[in-house]
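Here is how the chains run, residue by residue.
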Amino acid sequence: YYKVFWETIFILSLVSFFILVIIHDKYFKKYHYYASYLNILENYLQRASGEWKKFKDTGVEFLKEENHYLRDLDVLGQNSLFQYLCICKTIGGKRRLFQKLSNENLDTQKLVATQQAVEELSKSKEFIINYQIALAEYQNKAIDLSTIFSTYTKDQAQNVRDYLIAVMTTILLITFFCLSLFH
């Protein structure tokens, strides 16, 4: 009886431990979400009160000899439009904001579409904040997501070989699964 008793205690302890780990993880995810939420709201309050001039992202890394006028127009640099607007967390995002502000590749149709999208998204404050919270995870990572997203806009399987590999892999997996079920 003692062996069964101790085995039961061990199993209950193990199950309790895993339940507590799951509850702990959910708690800290919620805590991290609300901490990020408050940080983003603080940034908006700093913009409203004029303290945005202390933000570290000024866009000076994009200044070159041929676009030095962007500093004079306060598009880039200290106390600039870039510094006021920048909520970017990646290098690619900052580059994209610079391209939008500098009008290097101006296409009026894309500009109008972008303005309509910004107008539509500006009506959903909750979406904007949740998006910024999701971006906050990439703040300290030097990644460029623009190349990753550009691959998804293309047709993923462009030739017959890709389809054949996918079909053969599926058939092999199903075969191994059936063999493992029936020994």
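Up top is the structure.
In this text, all values refer to a predicted model and were calculated from it rather than measured experimentally.

Trainee: A description of helix α4 (residues 91-102) should follow, citing residues and the corresponding values.
Mentor: Between its first and last C-alpha, α4 extends 16 Å over 12 residues, near the 16 Å set by a 1.5 Å rise per residue. Of all the positions in α4, only Gly92, Lys94, Leu97, Phe98, Leu101 and Ser102 are classed as buried. As for α4, its buried residues are in contact with α2 (69-72) and α3 (81-85).

Trainee: Give me the lowdown on the environment of Glu51, citing residues and values where you can.
Mentor: Looking at where Glu51 falls in the secondary structure, it is placed in the loop between α1 (2-49) and α2. Sequence-wise, Glu51 and Tyr84 are 33 residues apart; in three dimensions their C-alpha atoms are separated by 9.6 Å.

Trainee: Now, about the pattern of salt bridges: what can you tell me, with residues and values included?
Mentor: Pairing between side chains of opposite charge can happen when their charged atoms approach one another. As enumerated under the stated definition, the model contains two salt bridges in all. Put simply, Asp25 and Lys29 hold a salt bridge, and the shortest N to O gap is 3.3 Å. With Asp25 and Lys29 both in helix α1 and four residues apart, the pair spans about one turn of that helix.

Rules of the game
- Residues numbered from 1 in each chain as written.
- Predicted model: local features only at pLDDT ≥ 70, side-chain atom pairs only at ≥ 80, totals over all residues.
- Heavy atoms only, no water.
- Helix = DSSP H or I, 4+ residues; strand = E, 2+ residues; numbered from the N terminus.
- Expected span 1.5 Å × (residues − 1).
- Buried < 20%, exposed > 50% of the residue type's maximum accessible area, 1.4 Å probe, protein only.
- Contact = heavy atoms within 4.5 Å.
- Salt bridge = Lys/Arg side-chain N within 4 Å of Asp/Glu carboxyl O.

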